[in-house]
Amino acid sequence: GDSVTQMEGPVTLSEEAFLTINCTYTATGYPSLFWYVQYPGEGLQLLLKATKADDKGSNKGFEATYRKETTSFHLEKGSVQVSDSAVYFCALSDKGVDRDDKIIFGKGTRLHILP
Amino acid sequence: DTGVTQSPTHLIKTRGQQVTLRCSPISGHKSVSWYQQVLGQGPQFIFQYYEKEERGRGNFPDRFSARQFPNYSSELNVNALLLGDSALYLCASSLGVGVTYEQYFGPGTRLTVT
């Protein structure tokens, strides 16, 4: 079945460092890919998405490119801030396989940014 | 605008008991989905409802059931609670069905089974 694998955390970086969180996926159809973020004490928020190969999603300085040839959707940010500390989930939705819109999530990567 | 709301925020139940969790979608949203997030894991899909009909069900036992009301709010019921049902239960709503419609998540209900 469809699945998402992302790098395990926690990831600890200093403020202004470059961030990469790796994500790869397995899907039988033509998935849309997402990054969600969960800040402490808050609900899941959509950070960015890409719906087809070679699309780049971007938001708040974060970027991820849908790479079909490597089945990857790595999250990057050029200069992280303390406020970026959160748990990040890579996810996919594989419309066309089933009727529902279920989102399949990775296990999450906890990010700590030190001032 | 009010986001997705869920109640209660927290609750504690004993093994074997039954629990009902509630979700109010964003105004105008007709689809509601439920997810279970065990500590340290990503959310797992339980159900999706659209226009009061079940549209999909994840790999959960029959102890889990749900329904959607005419006002599009939803309830998730879990019978015969097990320790392993302890988790954060998330509700998400969207305007319609299809991947083009973003799902908006509520803050969740944290269920502890003792």
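Keep in mind it's a predicted model, so treat the numbers as computed, not measured.

Calculation criteria
- Here, residues in each chain are numbered from 1, in the same order as that chain's written sequence.
- Ligands are numbered from 1 and chains lettered from A, in the order in which they are written.
- Two thresholds apply to this predicted model, a pLDDT of at least 70 for residue-level local features and 80 or more for giving and counting side-chain atom pairs, whereas whole-chain, interface and lining totals are computed over all residues.
- Side-chain calculation: all heavy atoms of the structure are included, whereas hydrogens and water are not.
- Only heavy atoms enter the contact rule, under which two residues are in contact if any of them lie within 4.5 Å.
- A quick way to say it: buried area is the sum, across both parts, of accessible area lost when two parts are put together, with a 1.4 Å probe.
- We count a salt bridge whenever a side-chain nitrogen from Lys or Arg sits within 4 Å of a carboxyl oxygen from Asp or Glu.
- Throughout this description, a polar contact denotes any pair of N or O atoms lying within 3.5 Å of each other; where both atoms belong to protein, one of them has to be capable of donating a hydrogen while the other can accept it, and for residues adjacent in sequence the pair is counted only when both atoms sit in side chains.
- Runs of E in the DSSP output that reach at least two residues are strands. Runs of H or I that reach at least four are helices, and both are numbered from the N terminus.
- For Phe, Tyr and Trp, where Trp contributes only its six-membered ring, two rings pair if their centres lie within 6.5 Å, and the inter-plane angle classes them as stacked under 30 degrees, edge-to-face over 60, or tilted in between.
- For the exposure calls, accessible area comes from a 1.4 Å probe over protein chains only, and a residue counts as buried if that area is under 20% of its type's maximum, exposed if over 50%, partly exposed in between.
- Strands are treated as partners if at least two bridges between them are detected by DSSP.
- To obtain an axis, a line is fitted to C-alpha atoms, over the contacting stretch when the element is a helix, and the angle between two such axes runs from 0 to 180 degrees between their N-to-C directions.
- Among buried residues, the Ala, Val, Leu, Ile, Met, Phe, Trp, Tyr and Cys ones that are joined through side-chain atoms within 4.5 Å form a nonpolar core.
- Grid points spaced at 1 Å and placed over the protein atoms alone form the basis of the search, with a cavity being a set where a 1.4 Å probe fits but cannot get out and a pocket an open set showing protein on both sides within 12 Å along at least five of seven lines. Lining residues have an atom within 4 Å of a point.
- Grid points are joined across faces, edges and corners, and a volume is the space filled by probe spheres set on the points.
- Residue polarity follows a fixed list, in which Ala, Val, Leu, Ile, Met, Phe, Trp, Tyr, Cys and Pro are nonpolar, Asp, Glu, Lys and Arg are charged, and the others, Gly among them, are polar.

Asker: Can you walk me through the interface of chain A and chain B in this structure?
Answerer: How big an interface is tends to be stated in terms of the accessible area lost upon association of its parts. At the junction of the two partners, chain A supplies 19 residues and chain B supplies 24 residues. Buried area between chain A and chain B, summed over both chains or domains, comes out near 1700 Å², and the portion from carbon and sulfur atoms is 52%. Among the residues of chain A in contact with chain B, L44(A), R99(A) and D101(A) are the three that bury the most area, contributing 30% of the side total. Across the contact surface, chain A and chain B share zero salt bridges. Joining chain A to chain B, the criterion identifies five residue pairs in polar contact (both at pLDDT 80 or more).

Asker: Just checking my understanding: could you explain the environment of Y30(A) for this structure?
Answerer: Within the element layout of this structure, Y30(A) appears in the loop between strand 4 (23–26) and strand 5 (32–38). Once the C-alpha coordinates of Y30(A) and S93(A) are considered, the two residues, 63 residues apart in sequence, prove to be 8.6 Å apart.

Asker: Sorry if this is basic, but what is going on with the packing of aromatic side chains here?
Answerer: Both the distance between ring centres and the angle between the ring planes are used here to describe each pair of aromatic rings. Under the counting rule described, the total for this entry stands at 12 aromatic pairs over all chains. Ring geometry for Y25(A) versus Y66(A): centroids 6.0 Å apart, planes at 80°, classification edge-to-face. Remark: Y66(A) occurs in the loop between strand 8 (62–65) and strand 9 (75–77) and Y25(A) occurs in strand 4; sequence separation between them is 41 residues. Of the residues examined, Y25(A) reaches a relative accessible area of 8% and is grouped as buried. Here Y66(A) falls in the buried class, since its relative accessible area comes to 4%. The structure contains a cluster of three or more aromatic residues connected by ring pairs, namely F34(A), Y36(A), F89(A), F105(A), Y35(B), F45(B) and F105(B).

Asker: Just checking my understanding: could you explain the pattern of salt bridges for this structure?
Answerer: Once the charged atoms of two side chains with opposite charge are near each other, the side chains can pair. Residues and elements named next belong to chain B. Inspection of the entire model under this criterion finds eight salt bridges over all chains. Among the salt bridges present, the one from R22 reaches E75, with a minimum N-O distance of 3.4 Å. Pair noted here: R22 is in strand 3 (residues 19–24) and E75 is in strand 8 (residues 74–78), with a separation of 53 residues, a long-range link. Under the relative-accessibility criterion, R22 is labelled partly exposed at 41%. Shared partners join several salt bridges into a network, and the residues in it are R22, R67 and E75.

Asker: Can you help me understand the sheet that holds strand 8 of chain A in this one?
Answerer: The strands that make up a sheet pair up through hydrogen bonds in the backbone, lying either parallel or antiparallel. Residues and elements named next belong to chain A. The four strands lie next to each other as 3-9-8-7, forming an open sheet whose pairing is antiparallel. Two strands bound the open sheet, and with one partner strand each, they are strand 3 (19–21) and strand 7 (56–59). Recorded for the sheet is a direction-independent mean angle of 15° between the axes of neighbouring strands. In this structure, strand 8 lies alongside strand 9, joined through three bridges in antiparallel fashion. Within the sheet, the bridge partner assigned to A64 lies in strand 9 and is L75.

Asker: In this structure, what is going on with the nonpolar core? I would like to understand it.
Answerer: What tends to happen in soluble globular proteins is that the nonpolar side chains get buried as a cluster. Grouped together as the largest cluster of nonpolar side chains are 27 residues, with contacts concentrated most on W35(A), L47(A), L48(A), F73(A), L75(A) and Y88(A). The set of elements that each furnish at least two residues to this core consists of strand 2 (11–14), strand 3, strand 4, strand 5, strand 6 (44–50), strand 8, strand 10 (86–93) and strand 12 (109–114) of chain A. The dominant element in this core, judged by the number of residues it contributes, is strand 10 of chain A, at four residues. Excluding residues within four positions of it along the chain, Y88(A) makes contact with Q6(A), I21(A), W35(A), Y36(A), V37(A), L47(A), F62(A), L75(A), G108(A), T109(A) and L111(A). In terms of nonpolar packing, the next biggest core, distinct from the first, is built from 22 residues, I26(B), A66(B), A87(B) and C91(B) among them.

Asker: Got a minute to help me understand the environment of Y49(B) in this structure?
Answerer: Residues and elements named next belong to chain B. Position of Y49 among the secondary structure elements: in strand 5 (residues 44–50). Looking at Y49, the relative accessible area reads 7%, which means it is buried. Residues Y49 and H10, 39 residues apart in the sequence, show an inter-C-alpha distance of 23 Å. When sequence neighbours within four positions are dropped, the list of residues in contact with Y49 reads K30, S31, V32, E54, R55, A66, R67 and Q68. Here E54 takes part through its side chain, which lies 3.5 Å from a polar atom of the side chain of Y49.

Asker: Explain the layout of surface pockets to me, please; I cannot follow it from the model alone.
Answerer: Taking a probe equal in size to a water molecule and rolling it over the atoms shows the remaining empty space. In this structure, the largest pocket occupies an estimated 540 Å³ of space. Of all the secondary-structure elements, those providing two or more residues to the lining of the largest pocket are strand 10 and strand 12 of chain A together with strand 11 (109–113) of chain B. In the lining of the largest pocket, the residues fall into 10 nonpolar, 13 polar and four charged. In this structure, the second largest pocket occupies an estimated 280 Å³ of space. Every residue lining the second largest pocket is counted, 16 residues in all, and those nearest its centre are I104(A), P43(B), Q44(B), F45(B) and F60(B). Contributing elements (two or more residues each) for the lining of the second largest pocket: strand 11 (104–105) of chain A together with strand 5 of chain B. When grouped by side-chain class, the residues that make up the lining of the second largest pocket number seven nonpolar, seven polar and two charged.

Spatial relationships are all this shows, so hold off on functional conclusions.
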